[in-house]
Amino acid sequence: MYNQEAVKNDSIEIFEKSNVLFGVDYKIIFPQKPFSEKYNLNDVNTAFTSFSADFAYAWYLNKKNKNSILLFKLAYSNLKSKTNIENKNEELIKSKIPDYIYNIPNIHNFDLNLIFSQKLKRNWDFIVSYNLIFSSDFKSMIEKEDLNSVALFFIEKKLGKFGLGFGSAVYIIDKKIQALPVVKISYVNHKINIDLLPPLSLSVDYKLGKKNFLNFNSNLLLNGFNVDYNQSNSQKNFGTPDYINNTGIDFSFGFDRRFFENLHWKISTGYSYQEISYLENKNIIDKQIFQNGMSFSVSFYAAF
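Attention in this report is confined to the structure presented alongside it. Please read these numbers as outputs of a predicted model, since none were measured by experiment. (Residues numbered from 1 in each chain as written. Predicted model: local features only at pLDDT ≥ 70, side-chain atom pairs only at ≥ 80, totals over all residues. Heavy atoms only, no water.)

**Topic: the pattern of salt bridges**
Then, number 1: One pass over the structure, following the stated rule, counts 11 salt bridges.
Then, number 2: Among the ionic pairs, D125 bridges to K119, the shortest N-O distance being 3.8 Å.
Then, number 3: For D125, a relative accessible area of 4% gives the class buried.
Then, number 4: Linking E145 and K282 is a salt bridge whose minimum nitrogen-to-oxygen distance equals 3.9 Å. With E145 in the loop between β6 (124-136) and β7 (147-159) and K282 in the loop between β14 (263-280) and β15 (283-303), this pair connects stretches of sequence that are 137 residues apart.
Then, number 5: By relative accessible area, K282 is classed as partly exposed at 42%.
Then, number 6: Residues joined in a network through salt bridges with shared partners are E145, D174, K175 and K282. (Salt bridge = Lys/Arg side-chain N within 4 Å of Asp/Glu carboxyl O. Buried < 20%, exposed > 50% of the residue type's maximum accessible area, 1.4 Å probe, protein only. Helix = DSSP H or I, 4+ residues; strand = E, 2+ residues; numbered from the N terminus.)

**As for the environment of F138**
Then, number 1: Here F138 lies in the loop between β6 and β7.
Then, number 2: Along the primary structure F138 and N106 are separated by 32 residues, whereas in three dimensions their C-alpha atoms are 8.1 Å apart.
Then, number 3: Leaving out residues up to four positions away in the same chain, F138 has contacts with H108 and F110. (Contact = heavy atoms within 4.5 Å.)

**Overview of the side chain of N113**
Then, number 1: The residue N113 is located in strand β5 (residues 107-119) in this model.
Then, number 2: N113 gets classed as buried once you look at its relative accessible area, which sits at 9%.
Then, number 3: A distance of 3.0 Å separates a polar side-chain atom of N113 from the backbone oxygen of Y130.
Then, number 4: Setting aside its immediate chain neighbours within four residues, N113 contacts L71, F72, K73, S129, Y130 and N131. (Polar contact = N/O pair within 3.5 Å; in protein donor to acceptor, adjacent residues only side chain to side chain.)

**Examining the pairing of strand β10 (residues 192-197)**
Then, number 1: In this structure, strand β9 (residues 176-188) lies alongside β10, joined through four bridges in antiparallel fashion. By the bridge assignment, I185 is partnered in β10 with L196.
Then, number 2: Across six bridges, the pairing between β10 and strand β11 (residues 201-207) is antiparallel. In the strand pairing of β11, D195 is matched with S203. (Pairing = 2+ DSSP bridges.)

**Some remarks on the environment of G23**
Then, number 1: Within the fold, G23 resides in strand β1 (residues 20-32).
Then, number 2: Residues G23 and A302 lie 279 residues apart in sequence; the distance between their C-alpha atoms is 6.3 Å.
Then, number 3: Setting aside residues up to four positions removed in sequence, G23 forms contacts with S52, A53, D54, F300 and Y301.

**Points about the environment of M141**
Then, number 1: Looking at where M141 falls in the secondary structure, it is placed in the loop between β6 and β7.
Then, number 2: On the accessibility criterion, M141 (66% relative accessible area) is exposed.
Then, number 3: In sequence terms M141 and N226 are 85 residues apart; their C-alpha atoms lie 8.1 Å from each other.

**Describing the pairing of strand β13 (residues 243-259)**
Then, number 1: Direction of pairing for strand β12 (residues 212-226) relative to β13: antiparallel, over a ladder of 15 bridges. In the strand pairing of β13, G224 is matched with N245.
Then, number 2: As paired strands, β13 and β14 are joined by 17 bridges and run antiparallel to one another. Opposite I244, over in β14, you have Y278 as the bridge partner.
Then, number 3: Linkage of β13 to β14, two consecutive antiparallel strands, is achieved through a turn of three residues, within which F260 is found at a positive phi near 55°.

Right under this line is the structure:
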């Protein structure tokens, strides 16, 4: 909503999409060879697909002064994989690697996000965000470890078209707490909107015309959940994971076009880096690294 006010002042239509009412996104990550810390995976390749949908709504807590905003967002996403073995001796290769290498479970995430923003005196803003993320393979019993939390708070000062701030992000994954310092840097003019929050995210929007825009986005992704693998002899020999940590970084560059008043469609290509860590009794037994994930995605969304 604050960005919408800036739009009216600067006549920039691009920033009206800063708050999304609803959106859907489908992404394909092309086949890549994973790296394992323990096994030779030269004959293995894995492809991922992802679908996500979200709904958000924001309102002023103080309608008279319009100095405080609360945003509520619900989101669902999944990550599905397909692993192939590029060798005629498939059974021989499978006998040398555990089942979890080529039977990566589908990952489902449900995300509840609350964001509070308060305008302070002398162009200071205070922002608090809390994400509660439930992750599961839909085969396991729901456990407390399936609930992950991300809390973010920072204070930012507007200096003309620039914004500078600082704060902290707190992650609670598998009941373990990790805090990261964050820096907030933003810039807005009649053509470009830059929003940098290292090491969590980067967003750049460039206006090509009244309806066409270019976007660059980068995000850090973290979650963890219990898994339920079917028991087999190979798993008993290699060890069976009971918990998975999923960590990833996405980069994407896209073309965004608005149609009607507030509807958008976007196509983008990008790169992703992903680590899947397998734990047994809280100890890491293996890690798969996917570092050549070229992707293509199609999005449709509506702005406030």
